[in-house]
Amino acid sequence: LPANPAIEMRAVARLAVSSRRVCAPAAGWYRGFAAAAAGKVPVAKIKELREVSGAPMMDCKRALEDPEVGGDLEKAFDWLRKKGAVTATKKSGRRAAEGLVAVRLSEDNERAVLVELNSETDFVARNDDFQDALAAFADAALAGEVTEPVNGPPTGTADTLNALLDASVSVGGAGAVPVRDAVVDLVGKIRENLVLRRSTAIAAPAGGVVVPYVHNKARPDMGTIGVAVALSATPAPAAGSAGYLALTEVGKTVALQVAAAQPLALDRDGVDASELERERTVLADQARASGKPEDIIERMVSGRMGKFYAENCLLEQKCMTVEGDKTVKQVVADAKAAVGGDVTVHGFRLLVVGEGVEEGEEEE
């Protein structure tokens, strides 16, 4: 049959309309599939993940879009924690000498713990997330009931710190995790190197008291210097009595002394042997440099060591908070009448933020 152009044009038009009707649903399905395949997730879900994790929006988006996560919130949260671990590893070499010390006291006032958390900047140390985490770490340390010799090292031991790092903690309503993992999570959230550097504990004998002091406070129990002093009286005053309150006041005087003078030990017996040897060597070398004979050098060193003890042993130091030229030992002895018994200082703990972290030093 001869071709009819008009009929052909109408047929082509009908075919085009029919194709659009058939293909449109398929095209819509394809676009949806492509979007899903690309890992796109609703903004509402990204915001929800940000609220529970505290991570930046773009990190939350990348976590949810990861093919292995598939938009699952729980998997995305774990993804962010892993990312935080990578961040912590990258930042761990950076110097962290700022931060805060938290001091926690037991309800009976007979035991205290001190925990130091370091940051790179003072700005971060003023952050609520940082301080809330440190508070949780201090609570975990107090709950751990780790014990140390009362006249032990003022800055604590590695065993005490390791026990805290292994303890379980819940920060900001999150699930309980080991403290060491909570620090890693905090690094990922704050985006700065953080180091839980030191932890120590001290307990007074039964009937005694531990008196804390915090200097340069960020919160009532957090500051740049933390001190705890353990003392008791014989006979022991009843809790809440005038003698007990007087004993506490003596403890405050001693704690202020510790914060200001920063002694190395309570008494001569507590000074580390390596510290003594180093001091003796320095003094001997100074004497030799002046041309003195060996027998004279020994006497000079012994005399100068007395000054070293007076400057570095708490009980031999001149008390800085009372008038007169009294040592701390004399001030404590003078409190006998008010307390109602002989007062004994058993030991102290002292943490100064960033102490021992030299300028330019990198954390391991």
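Let us look at the nonpolar core. Generally speaking, soluble globular proteins have nonpolar side chains that are buried together. By size, the foremost hydrophobic cluster in this structure holds 33 residues, and its most contacted members are Val115, Phe130, Phe137, Val179 and Leu196. Elements with a minimum of two residues in this core: β1 (98-105), β2 (111-119), α5 (122-125), α6 (128-144), α7 (158-166), α8 (179-190) and β5 (194-203). For this core, the leading source of residues is α6, giving 10 residues. Beyond its immediate stretch of four places on either side in the chain, Phe130 contacts Gly99, Leu100, Leu117, Asn118, Ser119, Val124, Ala125, Leu186, Ile190 and Leu194. Core analysis: the next-biggest nonpolar cluster, separate from the first, contains 29 residues, Val229, Val254, Val258 and Leu266 among them.

Turning to helix α3 (residues 57-65), its buried residues are Asp59, Cys60, Ala63 and Leu64. The buried side chains of α3 occupy one side of the element, clustering within an arc of 130° when seen end-on.

Let us now look at the sheet that holds β2. Remark on secondary structure: sheet strands pair via backbone hydrogen bonds, oriented parallel or antiparallel. The strand order β5-β2-β1-β7 describes an open sheet built from 4 strands, whose pairing is antiparallel. Each end of this open sheet is capped by a strand with a single partner; those strands are β5 and β7 (222-223). Strand direction decides the pairing type here: β1 and β7, joined by 2 bridges, are antiparallel. Paired with Val101 across the two strands is Gly223, which belongs to β7. Relative to β5, α7 is tilted by about 115°, and along the sheet it contacts β2 and β5.

Taking 1.5 Å per residue as the helical rise, helix α11 (residues 294-312) with its 19 residues ought to reach 27 Å, and the 26 Å between its terminal C-alpha atoms agrees with that figure. Among all positions in α11, only Ile297, Val301, Met305, Phe308, Tyr309 and Asn312 are buried. For α11, the angular spread of the buried residues around the axis is 115°, confining them to a single face. Exposed residues pointing more than 90 degrees away from the buried face of α11 are listed as Arg299, Gly303 and Lys307.

This next bit is on the environment of Glu249. Mapped onto the fold, Glu249 is located in helix α9 (residues 242-261). Sequence separation of Glu249 and Val211 is 38 residues, and the distance between their C-alpha atoms is 8.7 Å.

Moving on: the environment of Thr253. Checked against the element boundaries, Thr253 lands in helix α9. Sequence-wise, Thr253 and Val332 are 79 residues apart; in three dimensions their C-alpha atoms are separated by 9.1 Å. Residues within four places of Thr253 in sequence aside, it is in contact with Cys319, Thr321 and Val331.

Before going further, it helps to examine unusual backbone geometry. Of note, the bond from Thr234 into Pro235 is cis; its omega dihedral lies within 30 degrees of zero at 0°. Mapped onto the elements of the fold, Pro235 is located in the loop between β8 (225-234) and α9. Of note in this structure, Arg191 is not a glycine but carries a positive phi near 65°. You can call Arg191 partly exposed: its relative accessible area is 32%. Of note in this structure, Asn216 is not a glycine but carries a positive phi near 55°. Its location among the elements puts Asn216 in the loop between β6 (209-215) and β7.

Looking now at the pattern of salt bridges. Pairs may arise between side chains of opposite charge once their charged atoms sit close together. Considering all chains together, one arrives at 22 salt bridges under this definition. The partner of Asp128 in a salt bridge is Arg219, with the nearest N and O atoms 4.0 Å apart. With a gap of 91 residues between them, Asp128 in helix α6 and Arg219 in the loop between β6 and β7 connect regions that are remote in the sequence. Here Arg288 makes a salt bridge to Asp285, at a shortest N to O gap of 3.4 Å.

Right, let's get into the side chain of Asn118. You can see Asn118 is positioned in strand β2. Of note is the side chain of Asn118, whose polar atom sits 3.1 Å from the backbone oxygen of Glu98.

What follows covers the side chain of Ser199. Tracing the sequence through the fold places Ser199 in strand β5. For Ser199, the contacting residues outside a window of four places in its chain are Leu114, Val115, Ala141, Glu148, Thr155, Gly156, Thr157, Thr160, Leu161 and Leu164.

Looking now at the sheet that holds β6. The 3 strands are arranged β6-β8-β9 in an open sheet whose pairing can be described as antiparallel. Of all the strands in the sheet, the pair left with one neighbour each is β6 and β9 (342-352). When the angles between neighbouring strand axes are averaged without regard to direction, this sheet yields 20°. Strand direction decides the pairing type here: β8 and β9, joined by 10 bridges, are antiparallel. If you follow Ala233 over to β9, its bridge partner there is Val343. Sheet contacts for α9: β6, β8 and β9; angle to β8, the most-contacted strand, approximately 140°.

Looking now at the packing of α6 against α8. At a minimum axis separation of 11 Å, α6 and α8 run at an interaxial angle of 175°. Comparing their axes, α8 and α6 come out roughly antiparallel. Contacts between α6 and α8 involve Asp129, Phe130, Ala133, Phe137 and Ala140 from the first element and Val179, Ala182, Val183, Leu186, Lys189 and Ile190 from the second. Of the residues contributing to the contact of α6 with α8, the split by class is 9 nonpolar, no polar and 2 charged.

Parameters and conventions
Residues numbered from 1 in each chain as written. Predicted model: local features only at pLDDT ≥ 70, side-chain atom pairs only at ≥ 80, totals over all residues. Heavy atoms only, no water. Core = buried A, V, L, I, M, F, W, Y, C linked by side-chain atoms within 4.5 Å. Buried < 20%, exposed > 50% of the residue type's maximum accessible area, 1.4 Å probe, protein only. Helix = DSSP H or I, 4+ residues; strand = E, 2+ residues; numbered from the N terminus. Contact = heavy atoms within 4.5 Å. Arc of directions from axis to C-beta. Pairing = 2+ DSSP bridges. Axes fitted to C-alpha atoms, helices over the stretch in contact; angles between N-to-C directions. Expected span 1.5 Å × (residues − 1). Salt bridge = Lys/Arg side-chain N within 4 Å of Asp/Glu carboxyl O. Polar contact = N/O pair within 3.5 Å; in protein donor to acceptor, adjacent residues only side chain to side chain. Parallel < 35°, antiparallel > 145°, perpendicular 65-115°, else oblique. Nonpolar A, V, L, I, M, F, W, Y, C, P; charged D, E, K, R; others polar.

Worth remembering: the numbers are spatial, not functional.
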